[in-house]
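Here is what each chain is made of, one letter per residue.
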Amino acid sequence: MNKYSGLLKKFILLTAPVITSSVLFSTPSKAATFAYSEGYLDFTEFSQSPLNVVTGTGAETLAIDIDRGGTVGAIAEAEAYFLIEPAEAENSSLSAAFGENQAYLGVAESEASVIGNFNVDANTNFSFDFFSNLELATSIDNPPQESARVSGDISFALIDRQSNDVLDFFNLAGNITTEGDDDFVALQKSDNVTINQKFDAPGFGGVQEFLTVSIEGELERFFTEETSLTLIEIERNRAEVKAVVPEASNSLALFVASGVIGLVLKRRRN
């Protein structure tokens, strides 16, 4: 978890400049939680340029301090671009949440997407290289009153626009729940997607957990007939931290459902 201590410090500086170092070494009654999820993907070495492209991003955060005396924050960021000439695409999304008190909720969600449309001639190879990276990390001090959960997935699909059939696909997904037993990382792909290099470093178990997965590969498919293609890629990241006072375990859900406390909600769409 030492790798992520810098991320935690950076997040604290971004969300609450007045927080002192005591947050990192809190007493059990005011322990700290941290959740971090980030995804990245780029496409390079396209065999041809797209006819047109579309990109999209979205970010949403929620921060609720029930005790009105602690610290809770969330950040969500997303970026995406797709160049036609030379053909290259890249996107990234980040979600992080932090809390320090006896009762709070912090949630961050982010999403980024790129879409490219291509026309491929008959008896032609269509191909590109890709690199994807997924980073997840959680930390809590005082279970079971505190919990932290992160998830992320990176997916792309090559679609025949005329038939709307999915010709090839790639999906990388991960989840960490601290404390919990549903931590996982999963990879699925079609036969025409080749993995050239993979780095997988999970650290599951305990009150501090992390996951790092980096994958480098390529897609190559031969078309005997002229074909119109759409390449679509989406990545999503979510981070959540929560603390509930033991003697009032249902109060957090009640407050969130009724919406009677202070609420910070931000949304951005490009």
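Residues numbered from 1 in each chain as written. Predicted model: local features only at pLDDT ≥ 70, side-chain atom pairs only at ≥ 80, totals over all residues. Heavy atoms only, no water.

Participant: Whenever I open this one, the confidence of the model for the protein chain confuses me. Can you help?
Facilitator: Interpretation of this model should avoid reading the predicted coordinates in detail wherever pLDDT is low. Per-residue confidence for the protein chain averages 83 on the pLDDT scale, and 79% of its residues sit at or above 70. Long-range and interchain partners of residues 1-29, a stretch whose pLDDT sits below 50, account for 46 contacts in this model, where long-range means more than four residues apart. (pLDDT = per-residue confidence, 0-100. Contact = heavy atoms within 4.5 Å.)

Participant: Looking at this structure, how should I read the sheet that holds strand β4 (residues 88-100)?
Facilitator: Reading across the sheet, the 6 strands line up as β3-β4-β1-β6-β11-β10 and stay open at both edges, with antiparallel pairing between neighbours. The open sheet terminates on both sides in strands that have one partner only, identified here as β3 (71-83) and β10 (193-203). Taken over all neighbouring pairs, the strand axes of this sheet differ in orientation by 5° on average, direction set aside. Across 11 bridges, the pairing between strand β1 (residues 32-44) and strand β6 (residues 124-139) is antiparallel. Within β6, the position partnered with Thr44 by the bridge is Asp129. (Pairing = 2+ DSSP bridges. Helix = DSSP H or I, 4+ residues; strand = E, 2+ residues; numbered from the N terminus. Axes fitted to C-alpha atoms, helices over the stretch in contact; angles between N-to-C directions.)

Participant: Even after reading the chapter, I still don't get the pattern of salt bridges, so can you show me in this structure?
Facilitator: When charged atoms on two side chains of opposite charge get close, those side chains can pair. Taken as a whole and assessed by the stated rule, the structure comprises 4 salt bridges. For Glu109, the salt bridge is made with Arg238, and the minimal N-O distance between the two is 2.8 Å. Of the two residues, Glu109 sits in strand β5 (residues 104-120) while Arg238 sits in strand β12 (residues 227-243), which places them 129 residues apart along the sequence. Taking relative accessible area as the criterion, Glu109 reaches 32% and is therefore assigned partly exposed. Through salt bridges with shared partners, one network takes in Glu109, Arg238 and Glu240. (Salt bridge = Lys/Arg side-chain N within 4 Å of Asp/Glu carboxyl O. Buried < 20%, exposed > 50% of the residue type's maximum accessible area, 1.4 Å probe, protein only.)

Participant: Is there a simple way to think about the side chain of Ser95 in this case?
Facilitator: Counting through the fold element by element, Ser95 comes out in strand β4. Residue Ser95 is classed as buried on the basis of its relative accessible area of 0%. Within the local environment of Ser95, its side chain forms a polar contact with the side chain of Ser110, the two groups lying 2.8 Å apart. Separated by 2.9 Å, the side chain of Ser95 and the backbone oxygen of Asn237 make a polar contact. Excluding residues that lie within four positions of it along the chain, Ser95 makes contacts with Ala35, Tyr36, Ser37, Ile75, Ala108, Glu109, Ser110, Asn237, Arg238 and Ala239. (Polar contact = N/O pair within 3.5 Å; in protein donor to acceptor, adjacent residues only side chain to side chain.)

Participant: I keep staring at the packing of aromatic side chains and nothing clicks. Help me out?
Facilitator: How two aromatic rings sit relative to each other is set out by the distance from centre to centre and by the angle between their planes. Overall, the coordinates contain 14 aromatic pairs when judged by the stated rule. Ring centres of Phe130 and Phe156 lie 5.1 Å apart, and the angle between their planes is 70°; this geometry places the pair in the edge-to-face category. One end of the pair, Phe130, is in strand β6; the other, Phe156, is in strand β7 (residues 146-160), with 26 residues separating them in the sequence. Taking the relative accessible area as the measure of exposure, Phe156 reaches 2% and is therefore buried. Joined through ring pairs, the aromatic side chains of Phe43, Phe46, Phe82, Phe118, Phe126, Phe128, Phe130, Phe156 and Phe170 make up one cluster. (Phe/Tyr/Trp six-rings, centres within 6.5 Å; stacked < 30°, edge-to-face > 60°.)

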